[in-house]
Amino acid sequence: MKLVVATPTEIVEDVDDIVSVRASDDTGAFGIQPGHADFLAVLPISVVSWRTKTRSGVVVIRGGILTVQGGIRIDIAARGAWREDQLSDLGPSALAELQREDSDEDVTRKSEHRLHLATMRQIERLLRGARKETTTPRLDAGASPGAGEARS
């Protein structure tokens with residue numbers, strides 16, 4: 001089998017002669033071996049491990065999509081990914097750090113969305129006020145009847 005892990009900016013892993021791949025989704029861990037049925041899985045922040053006859057490796061996935069095609073090709077399209085030869089090389093807090101960063105990005109994205117909506121509402125209020133001014137007849141102070149008479 002062939003394994004390709006890609007992010008929007010690079011190919012992180014491209015390995016031939018894969019004997020097995022282990023990954024996990026929200027339902028739990030699963031394994032893939034040559035001849036596996038076509039398959040699609042949504043990967044959360046997780047570790048994907050792979051093995052050939054002579055070596056092995058791990059890839060930390062920052063969320064993505066895993067597909068198996070024809071039992072001979074595994075593709076992972078990820079938001080972000082990092083590879084190491086051993087899981088221990090990643091450090092004990094690598095997954096926790098990624099999950100924290102992902103959570104922080106969600107908070108930032110929601111804040112930006114709220115700010116955008118508030119801006120759009122304010123623009124709508126201003127435009128609504130401008131429409132009322134142009135559709136409501138206004139009398140100028142000099143043109144109104146008796147406007148100059150009240151002065152002494």
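Reference entry: report on the structure contained in this document. (Residues numbered from 1 in each chain as written. Predicted model: local features only at pLDDT ≥ 70, side-chain atom pairs only at ≥ 80, totals over all residues. Heavy atoms only, no water.)

For the protein chain, the count of helices and strands is 1 helix and 8 strands. In the protein chain, the succession of helices and strands from N to C terminus is β-β-β-β-β-β-β-β-α. A burial count over the protein chain gives 28% of its 152 residues as buried. Considering only contacts in the protein chain between residues 6 or more positions apart, those separated by 24 or more positions represent 51%. (Helix = DSSP H or I, 4+ residues; strand = E, 2+ residues; numbered from the N terminus. Buried < 20%, exposed > 50% of the residue type's maximum accessible area, 1.4 Å probe, protein only. Contact = heavy atoms within 4.5 Å.)

Right, let's talk about the nonpolar core for a bit. Counting 22 residues, the largest nonpolar core has V5, I32, L43, I61, L66, I74 and I76 as the members making the most contacts within it. Those elements that provide at least two residues to this core are β1 (2–6), β2 (11–15), β3 (20–25), β4 (28–32), β5 (39–51), β6 (56–69) and β7 (73–78). Setting aside chain neighbours within four positions, we find I76 in contact with L3, V4, V5, A6, L43, V48, I61, I65 and L66. (Core = buried A, V, L, I, M, F, W, Y, C linked by side-chain atoms within 4.5 Å.)

In this section: the pairing of β7. Note that β1 and β7 share 5 bridges and pair parallel. Its bridge partner being in β7, K2 is matched across the sheet by R73. In terms of strand pairing, β6 meets β7 through 6 bridges, oriented antiparallel. Residue pairing for β7: Q69 is matched across the bridge by R73. Counted between consecutive antiparallel strands, the loop separating β6 from β7 contains 3 residues, among which G70 sits at a positive phi close to 65°. (Pairing = 2+ DSSP bridges.)

This part is about a nonpolar patch on the surface. Taken together, L40, V42 and I65 make up a surface patch of nonpolar side chains, about 290 Å² in accessible area. The residue V42 is located in strand β5 in this model. By relative accessible area, which is 57% here, V42 ends up exposed. (Patch = residues over 30% accessible without salt bridge, like charges linked within 9 Å, V, L, I, M, F, W, Y side chains within 5 Å. Areas by Shrake-Rupley, 256 points an atom, 1.4 Å probe, with all protein chains shown as cover. Salt bridge = Lys/Arg side-chain N within 4 Å of Asp/Glu carboxyl O.)

Before going further, it helps to examine the environment of I18. Tracing the sequence through the fold places I18 in the loop between β2 and β3. Exposure remark for I18: the relative accessible area of 2% places this residue in the buried category. Counting along the chain gives 16 residues from I18 to P34, while the straight-line C-alpha distance between them is 7.8 Å. With sequence-adjacent residues up to four places away left out, I18 is seen in contact with M1, K2, L3, P34, W50, R51 and T52.

Next up on the list: the packing of aromatic side chains. Given two aromatic rings, their pairing is described by the distance between the two centres and the angle made by the two planes. With the rule as written, the count across this model stands at 1 aromatic pair. Pairing F30 with F39 gives two aromatic rings, centres 5.2 Å apart and planes at 65°, and the pair type is edge-to-face. Under the relative-accessibility criterion, F39 is labelled partly exposed at 29%. (Phe/Tyr/Trp six-rings, centres within 6.5 Å; stacked < 30°, edge-to-face > 60°.)

Right, let's get into the pattern of salt bridges. Oppositely charged side chains are able to pair whenever their charged atoms sit close together. Counting across every chain of the model gives 5 salt bridges. Ionic pairing is found between E13 and R83, a salt bridge with its closest N-O pair at 3.2 Å. Here R83 lies in strand β8 (residues 81–84) and E13 lies in strand β2, a separation of 70 residues in the sequence. Notably, a salt bridge pairs E124 with R128, separated by 3.1 Å at the nearest N-O pair. Of the two residues, E124 and R128 are both situated in helix α1 (residues 94–135); the distance of 4 residues between them amounts to about one turn of the helix.

Such coordinate-based values are descriptive only and should not be taken to indicate function.
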